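# Notes for the structure review
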Amino acid sequence: MFETAIDFLKDLWGFLRERKKYWLAPLIITLVLIGVLIVFTQGSAIAPFIYTLF
């Protein structure tokens, strides 16, 4: 599973670099960080505060 994630990131970076779409990188990074934040805080006490942001 970890290898497929690395391969996906390599393909995504190759696409961004080849098509000169560098402006998409901050958007993708932000979405990934928000997703990771939601997954890791799902069972914790701060989960209700995270969900009120959205």
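Residues numbered from 1 in each chain as written. Predicted model: local features only at pLDDT ≥ 70, side-chain atom pairs only at ≥ 80, totals over all residues. Heavy atoms only, no water.

## Regarding a nonpolar patch on the surface
Test applied: Patch membership requires over 30% relative accessible area and the absence of a salt bridge. Like charges are linked within 9 Å, and nonpolar side chains (Val, Leu, Ile, Met, Phe, Trp, Tyr) within 5 Å. In these tables, accessible area is a Shrake-Rupley quantity obtained with a 1.4 Å probe, and a residue counts as shielded only by the protein chains included in the view. Salt bridge, as used here: a side-chain nitrogen of Lys or Arg that lies within 4 Å of a carboxyl oxygen of Asp or Glu. Put simply, DSSP H or I for four residues or longer makes a helix, DSSP E for two residues or longer makes a strand, and each gets a number counted from the N terminus.
Taken together, the side chains of Val32, Val36, Val39 and Phe40 make up a nonpolar region of the molecular surface, amounting to roughly 410 Å² of accessible area. Residue position: Phe40 is located in helix α2 (residues 24-40).

## Here's the deal with the confidence of the model for the protein
The predicted coordinates of low-pLDDT regions are not to be read in fine detail. What counts, and what does not: pLDDT runs from 0 to 100 and stands for how confident the predictor is about each residue.
This prediction gives the protein a mean pLDDT of 81; 87% of its residues lie at or above 70. Per-element mean pLDDT across the protein ranges from 70 in helix α3 (residues 47-51) up to 86 in helix α1 (residues 2-19).

## Digging into the packing of aromatic side chains
Note the cut-off: Two rings from Phe, Tyr or Trp (for Trp, the six-membered ring) form a pair when their centres are within 6.5 Å of each other. A pair whose planes differ by under 30 degrees is stacked, one over 60 is edge-to-face, and the rest are tilted. Residue burial is assigned from relative accessible area. The probe radius is 1.4 Å, only protein chains are included, and a residue is buried under 20% of its type maximum, exposed over 50%, and partly exposed in between.
What the rule picks out here adds up to one aromatic pair. An angle of 50 degrees between the planes, with centres 6.1 Å apart, marks the rings of Trp13 and Tyr22 as tilted. Of the residues examined, Trp13 reaches a relative accessible area of 43% and is grouped as partly exposed. Of the residues examined, Tyr22 reaches a relative accessible area of 42% and is grouped as partly exposed.

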